[in-house]
Amino acid sequence: MRTADLDTPAVLVDLDRVERNLRRAQDYADRHGIRLRPHIKTHKLVRFARRQLRLGAVGITCQKLGEAECMAGGGIDDILVTYDLVGPIKLRRLAALHERVRIAVVADGEAVVEGYATTFRDPGRPLEVLVECDTGAGRCGVQTPAEAVALARRIAAAPGLRFGGLMTFQPRARRRETDAWLAEARERLEAAGLPPATVSAGGTPDLLRAAEITTATEYRPGTYIYSDRMQVAWGHGSLEDCALTVLATVVSRPTATRAVLDAGSKVLAADTAPVPGHGHVLEYPEAVITALSEEHAVVDLAACERRPAVGDRVRVIPNHVCVVVNLADRVHLLRGDRVEETVPVDARGRVT
Ligand SMILES: Cc1ncc(COP(=O)(O)O)c(C=O)c1O
């Protein structure tokens, strides 16, 4: 089967590019003595998680418990969930998972630790908890190194919990500031008798400079496996590294300068990037996808010398690939133009 045999819209994954992206990251991590713990929220496929582990990753990262359950079901047995797990339903599921695999979680406040501490009480099989630190990204996380120590103490004092270290999803291109924050936290923790076994940072934009965060022992890249327009705009590699594309058909040419594709926000996702438009059309690089509705992409061809006709097919590099994957029932795995396999996205929709 070739891509010409596929109906559209279709999500295509170039296996050679995937392999190259995974190896580049693992080689970098190996060269710099960093443990790699890839975030699977991008690909959501057990087979790629296994490949990442085989190449040298120490475990995987999941954002949601549902993703972790799916990966555990696929035989992955070392998982960090980088999300505050709150409420009795989540805690029951976490306890069930903890019985099956090595799982670590994060917390950024007393209330979250309280939930873990009341659920996990066995000192013989403690739950590992890392303190999430807001080193400038402004999402979750304790706000100061002093707060990190206070929360680490609370974790260490709970008989069924073990303090595992620090976790941050640091702001892009702020490696020095992130390192200063984490170094101060580590120093304070050491002084308190709680040296952090793991200091985990993450994010594809800084992946190939992760060693500059000298305090980090572990790194969690996610998007690097496929990359996308956003990552390229932020300076990570080039469009040649983008392994996932959306194959779409031109279904209308209402004006001389307008084409409409059969992939809208339900396929390409509406996330914006720091470059114009909703995706990069490989065959018409000057084209701009100016608008998406659910099932249509409107393309401005004004800057294109050549222009497509109704029925022509194009491939689009999405702005934000992780969301595209979560919208797709299945992906087509390619070697060149040959469809090697079509596979369901294992953890698709696992957002609980
Ligand atoms: C906690 C955490 N770690 C790691 C990552 C991976 O980041 P990226 O996709 O930029 O590699 C993310 C991305 O959302 C994240 O939220």
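Residues numbered from 1 in each chain as written. Predicted model: local features only at pLDDT ≥ 70, side-chain atom pairs only at ≥ 80, totals over all residues. Heavy atoms only, no water.

## Let's talk about the sheet that holds strand β2 (residues 35–36)
Strand order across the open sheet formed by eight strands is β2-β9-β8-β7-β6-β5-β4-β3, with parallel pairing between neighbours. In this open sheet, the two strands that pair with only one neighbour each are β2 and β3 (60–62). The sheet contact formed by β2 and strand β9 (residues 218–220) spans two bridges and is parallel. Counted as the bridge partner of Arg35 is Glu218 from β9. (Pairing = 2+ DSSP bridges. Helix = DSSP H or I, 4+ residues; strand = E, 2+ residues; numbered from the N terminus.)

## Some points on the domain arrangement of the protein chain
Interface extent is often summarised as the accessible area lost during association of the parts. Split by domain assignment, the protein chain resolves into domain 1 (3–10 + 237–344) and domain 2 (34–225). Counting from both sides, the interface comprises 10 residues of domain 1 and, opposite them, nine residues of domain 2. Each partner contributes to the roughly 690 Å² buried at the junction of domain 1 and domain 2, and carbon and sulfur atoms together form 63% of this total. On the domain 1 side of the interface with domain 2, the three residues burying the most area are Cys322, Val325 and Leu333, jointly 49% of the side's total. Summed over the shared surface of domain 1 and domain 2, the number is one salt bridge. Across the pair Arg47 and Glu341 runs a salt bridge whose closest N-O atoms are separated by 2.9 Å. At the surface where domain 1 touches domain 2, the tally comes to one residue pair in polar contact (both at pLDDT 80 or more). (Domains from an automatic or database assignment. Contact = heavy atoms within 4.5 Å. Buried area = accessible area lost by both parts, 1.4 Å probe. Salt bridge = Lys/Arg side-chain N within 4 Å of Asp/Glu carboxyl O. Polar contact = N/O pair within 3.5 Å; in protein donor to acceptor, adjacent residues only side chain to side chain.)

## Re the site of the ligand
Residues in close proximity to the ligand total 14 residues, the closest being Lys41, Arg139, Thr204, Gly222 and Thr223. Between an oxygen atom of the ligand and a side-chain N or O atom of Gln63, the distance comes to 3.0 Å. In this structure, an oxygen atom belonging to the ligand sits 2.6 Å away from a main-chain N or O atom of Gly222. Burial of the ligand by the surrounding chains reaches 92%, relative to a free accessible area of 390 Å². In terms of residue class, the shell around the ligand is made up of three nonpolar, eight polar and three charged. (Near = heavy atom within 4 Å. Areas by Shrake-Rupley, 256 points an atom, 1.4 Å probe, with all protein chains shown as cover. Nonpolar A, V, L, I, M, F, W, Y, C, P; charged D, E, K, R; others polar.)

## Section: the environment of Glu218
Here Glu218 is to be found in strand β9. By relative accessible area, which is 3% here, Glu218 ends up buried. A C-alpha to C-alpha distance of 17 Å links Glu218 and Arg172, two positions 46 residues apart in sequence. Look past the residues within four positions of Glu218 in its chain and what remains in contact with it is Ile34, Arg35, Arg37, Val58, Leu80, Thr198, Val199, Ser200 and Ala201. Within the local environment of Glu218, its side chain forms a polar contact with the side chain of Ser200, the two groups lying 2.8 Å apart. (Buried < 20%, exposed > 50% of the residue type's maximum accessible area, 1.4 Å probe, protein only.)

## So, the side chain of Thr82
Locating Thr82 in the fold gives a position in strand β4 (residues 78–84). Here the side chain of Thr82 touches Gln63 through a polar contact of 2.6 Å, side chain to side chain. Apart from the residues within four sequence positions on either side, Thr82 is in contact with His39, Thr61, Cys62, Gln63, Val106, Met167 and Arg220.

## Focus: the packing of helix α1 (residues 15–32) against helix α2 (residues 46–55)
Contact geometry of α1 with α2 gives a least axis separation of 10 Å together with a crossing angle of 40 degrees. When the interaxial angle is binned, α1 and α2 end up oblique. Handedness of the α1/α2 crossing: right-handed. The residues of α2 that touch α1, namely those facing Leu15, Val18, Glu19, Leu22, Arg23 and Gln26, are Phe48, Arg51, Gln52 and Leu55. A breakdown of the residues in the contact of α1 with α2 according to their chemical character gives five nonpolar, two polar and three charged. (Axes fitted to C-alpha atoms, helices over the stretch in contact; angles between N-to-C directions. Parallel < 35°, antiparallel > 145°, perpendicular 65-115°, else oblique. Left-handed = near helix turned anticlockwise from the far one by under 90°.)

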